[in-house]
Amino acid sequence: MNENLFTSFITPTMMGLPVVVLIIMFPSILFPSPSQLINNRLISLQQWLVQLTSKQMLAIHNHKGQTWALMLMSLILFIGSTNLLGLLPHSFTPTTQLSMNLGMAIPLWAGTVVTGFRHKTKASLAHFLPQGTPIPLIPMLVIIETISLFIQPVALAVRLTANITAGHLLMHLIGGATLALTNINASVALITFIILILLTVLEFAVALIQAYVFTLLVSLYLHDNT
Amino acid sequence: MASPVPVKEKKLMDVKLGELPGWILMRDFTPRGIAGAFQRGYYRYYNKYVNVKKGSVAGISMVLAAYVLFNYCRCYKELKHERLRKYH
């Protein structure tokens, strides 16, 4: 069972071909681009959702921060759709791979930091020292703030990976337990099944929330630095 | 066997069974041709099921069902050993 539990997380290759590339590109098919003023239902629904999300997310930024609108919107769409597609049976979720999440987190975080250093150097460096600290504590606090700055991309990536992986693992385990319990004790199996249903609802929420949190934090780091 | 219209330009439904191997060999297998085939297939599905006035959930759910089937075929090798009981 141990080997079976983790086989759904290995990078999919079919006869040596990296199918993972196709799987990562698959969500883009589900978002057609609008071609007319009044589009079909799918595109209109997606347009409405994107406008709702973008207005809420970009309200806190100034003009310079709002140039990142495209990046943040495509980020939340990609992570949300990839996580939701991972809830289908037997599917592979690319966001369970730490490599991919690091690849998303580090460039975005580095972009915000470099933007801050280039345009508002003094203010960016001033972030390292909170206001009103007693003078003897300053060296230690600068060190702590530096560490907390450099841990931001790692935290972004690991948060997303751990949440999605843990959710999938829990569903596998509880689903296996439900199947095994149906022959031993039907009522306990029913309780386990209800737990599984609740967990699935949670996973839907987590899929969307994680996308939101990732994007929100990137936008927060951006806000600090523009 | 010689037909008035050249075999290459006929649509698949008009090609006679004997001419089928020749028709397949004359298809465009360059990367550009294959990309064109994917594009034509995509737009054919899209215009039939999604880009309509009253599109329903069937349009995307067929795509998702095909995705599930594709992933099942991908993992079949590990899945075929799973059994609910040791002895049936």
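Coordinates for the structure precede this section.
Fair warning: this is a prediction, and the values are worked out from it, not measured in the lab.

Peer 1: How would you sum up the overall build of chain A? Please name residues and give values.
Peer 2: Scanning chain A from N- to C-terminus turns up 8 helices and 2 strands. Helices and strands in chain A line up, N terminus first, as α-β-β-α-α-α-α-α-α-α. For chain A, whose C-alpha radius of gyration is 22 Å, the value lies well above the compact-globule estimate of 17 Å for 226 residues. The dimensions of chain A, computed from C-alpha atoms along their principal axes, are 70 × 55 × 40 Å. Classification of the 226 residues of chain A by burial places 39% in the buried group. Relative to all contacts within chain A whose residues are 6 or more apart in sequence, the contacts with residues 24 or more apart total 70%. Approximately 13100 Å² of chain A is accessible, and the part contributed by carbon and sulfur atoms is 74%. Separation between the mean location of the 7 positive side-chain charges and that of the 4 negative ones in chain A comes to 21 Å.

Peer 1: Let's hear about the interface of chain B and chain A: which residues, and what values?
Peer 2: If you look at the interface, chain B gives 21 residues, while chain A gives 20 residues. Taking both sides of the interface into account, the surface hidden between chain B and chain A amounts to around 2000 Å²; carbon and sulfur atoms contribute 69%. Considering only the surface of chain B that becomes buried against chain A, Tyr67, Val68 and Arg74 of chain B emerge as the three largest contributors, covering 29% of it. The interface formed by chain B and chain A includes 0 salt bridges. The interface formed by chain B and chain A contains 4 residue pairs in polar contact (both at pLDDT 80 or more).

Cut-offs and rules
Residues numbered from 1 in each chain as written. Chains lettered and ligands numbered in written order. Predicted model: local features only at pLDDT ≥ 70, side-chain atom pairs only at ≥ 80, totals over all residues. Heavy atoms only, no water. Helix = DSSP H or I, 4+ residues; strand = E, 2+ residues; numbered from the N terminus. Rg over C-alpha atoms; globule rule 2.2 N^0.38 Å. Buried < 20%, exposed > 50% of the residue type's maximum accessible area, 1.4 Å probe, protein only. Contact = heavy atoms within 4.5 Å. Areas by Shrake-Rupley, 256 points an atom, 1.4 Å probe, with all protein chains shown as cover. Lys, Arg positive; Asp, Glu negative; His and termini not counted. Charge placed at Lys NZ, Arg CZ, Asp CG, Glu CD. Buried area = accessible area lost by both parts, 1.4 Å probe. Salt bridge = Lys/Arg side-chain N within 4 Å of Asp/Glu carboxyl O. Polar contact = N/O pair within 3.5 Å; in protein donor to acceptor, adjacent residues only side chain to side chain.

Bear in mind that shape data such as this cannot, by itself, settle questions of function.
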